[in-house]
Amino acid sequence: MKLETLAVHAGHIADETAGSIAPPIYLSTTFERSTDGDYPRGYHYSRSGNPNREAFERLLAGLEGGECALAFSSGSAATAALIGAFGPGDHLVLSSDVYYGTRKVVREYFERWGLQTSIVDFTSVDALRAAMRPNTRLVWAETPSNPLMRIVDIESIVSIAHEAGALAAFDNTFATPALQRPLEFGADIVMHSATKYLGGHSDVLLGALVMRRAGDLLERVRDVQRSVGGVPSPFECWLAMRGVATLPCRMRAHCEGAAAVAAFLDGHERVIATHYPGLPSHPGHQTARRQMSGFGGMVSFQVPGGADEALDVVARAGLFLRATSLGGVHSLIEHRASMEAPGTTTPANLIRISVGLEHPDDLLADLDRALA
Ligand SMILES: *Cc1c(COP(=O)(O)O)cnc(C)c1O
């Protein structure tokens, strides 16, 4: 079935009690045992499993083309559970332009328990190849990346990882399975902050991992999840399923709006650089065309001057709301470096935009005022 159909049907819960079309929400934390001590429906305690969580996992695995998925209380919990499945002495390679929190959790927490990490620029495949070691277990990339919208070639990263006996994981939060499915290019794991486009309305905090194959790694990650407990609430899963049903439609509108915004910024005299993979001048444009069916709703740009000048532009925005995060119906604007912590590699004059679902004409008018 096509993506639009899967988005509506792949997580369906058959409701035996009332035949409801919208799925029921199972709030119970505990489930009844049979007289012989079994759990006939497979549920016993909701840290281990819950029908709404499993429905969301089925839905996301369907969309990404994976055998199985696990949902977590946030994208960060998903990242931590995956990395937690590796151990002291294992080596991980991360691309230099990944989500700030991913770099932080790896550097500040996992290095403390003996995990080795290297951070390299994946736009150079030679740099990645040189970083591989005999004990490299995982290569972690993000494309498009945050916040510079860099594109890396999924297939070449997967092949370098596999040649070295490592797994390849991609943070697919920015693209979503509506635009890019890394598992189809051979990746082993896809990670999501479902807080963003999958939820789609800025009202859900949720994360997920999708695995190409069920197997040993899935069981190790599931064990981390059950033991450490970063599981989502049934209501968050329910909201995310409702969001995903409209994901393919929303992504088309986000892409259309972002393309208009990027073209406008690219031609604006008060903008010195625009980062959007849909622009033919973007260094990753050809790669993006090969592996994505649309270029997404995220745009970043740089203005003359430094942090003060960028903050002034952000302050003059009206329709664009000043907030972090992305992927919701409202367009958001943020000065990214001051959102991240000291030591960030984000340029001080960079502004990041999440293009919402407003009419592009109104967004362009607002940006024109902000830049004046
Ligand atoms: C937000 C985000 C995360 C972290 O997800 P949370 O749900 O906030 O924990 C990870 N990666 C990317 C690309 C993100 O945008």
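Keep in mind the model is a prediction, meaning the values are calculated, not measured.

(A) Structural view of the sheet that holds strand E12 (residues 350-354). Read across the sheet, five strands follow the order E8-E9-E12-E11-E10 without closing on themselves; strand pairing throughout is mixed. Of all strands in the sheet, those bounded by a partner on one side alone are strand E8 (273-275) and strand E10 (321-322). Inspection of the sheet shows E8 paired to strand E9 (residues 298-302) by three bridges, in the antiparallel sense. When the bridges of E9 are listed, His 275 appears paired with Ser 300. Contacts from helix H11 (residues 307-316) reach E10, strand E11 (332-335) and E12, with the element oriented near 160° to E11.

(B) Focus on the layout of surface pockets. In this structure, the largest pocket spans a volume of roughly 500 Å³. If you go around the largest pocket, you meet 28 residues; those closest to its centre are Ser 76, Tyr 99, Gly 101, Lys 196 and Arg 336. Elements that contribute at least two residues to the lining of the largest pocket include exactly helix H3 (75-84), helix H4 (100-110), strand E6 (189-193) and helix H12 (336-339). In terms of residue class, the lining of the largest pocket is made up of nine nonpolar, twelve polar and seven charged.

(C) Main features of the sheet that holds strand E2 (residues 91-95). Pairing in this open sheet of seven strands is mixed, and the strands run E1-E7-E6-E5-E4-E2-E3 from one edge to the other. Both outer strands of the open sheet, strand E1 (68-72) and strand E3 (116-120), are each paired with one neighbouring strand and no more. Within the sheet, the average angular offset between the axes of one strand and its neighbour, ignoring direction, is 20°. Examined bridge by bridge, strand E4 (residues 136-142) and strand E5 (residues 167-171) share five bridges and lie parallel to one another. The residue bridging Leu 138 from the neighbouring strand is Leu 167, located in E5. On the sheet, H4 packs against E2, E3 and E4 and is oriented at approximately 145° with respect to E3. Against the sheet, helix H6 (residues 154-163) makes contact with E4 and E5, and its axis sits at roughly 145° relative to E5, the strand it touches most.

(D) Region of the structure containing the pattern of salt bridges. For the coordinates displayed, the defined rule picks out 16 salt bridges. Its salt-bridge partner being Arg 137, residue Asp 90 comes within 3.1 Å of it at the nearest N-O pair. Separated by 47 residues along the polypeptide, Asp 90 in the loop between H3 and E2 and Arg 137 in strand E4 bring together distant segments of the chain. Take Asp 90: its relative accessible area is 13%, and that puts it in the buried class. Look at Arg 137 and you get partly exposed, because its relative accessible area is 32%. Between Asp 366 and Arg 369 there is a salt bridge; the shortest N-O distance is 3.2 Å. One end of the pair, Asp 366, and the other, Arg 369, are both in helix H13 (residues 360-371), three residues apart, so they sit about a helical turn from each other. On the accessibility criterion, Asp 366 (1% relative accessible area) is buried. Overlapping salt bridges, with partners in common, bring together Glu 334, Arg 336, Glu 340 and Arg 352 in one network.

What counts, and where the lines are drawn
Residues numbered from 1 in each chain as written. Predicted model: local features only at pLDDT ≥ 70, side-chain atom pairs only at ≥ 80, totals over all residues. Heavy atoms only, no water. Pairing = 2+ DSSP bridges. Helix = DSSP H or I, 4+ residues; strand = E, 2+ residues; numbered from the N terminus. Contact = heavy atoms within 4.5 Å. Axes fitted to C-alpha atoms, helices over the stretch in contact; angles between N-to-C directions. 1 Å grid on protein atoms, 1.4 Å probe; cavity = no way out; pocket = protein on both sides within 12 Å on 5 of 7 lines; lining within 4 Å. Points joined across faces, edges and corners; volume = space filled by probe spheres on them. Nonpolar A, V, L, I, M, F, W, Y, C, P; charged D, E, K, R; others polar. Salt bridge = Lys/Arg side-chain N within 4 Å of Asp/Glu carboxyl O. Buried < 20%, exposed > 50% of the residue type's maximum accessible area, 1.4 Å probe, protein only.

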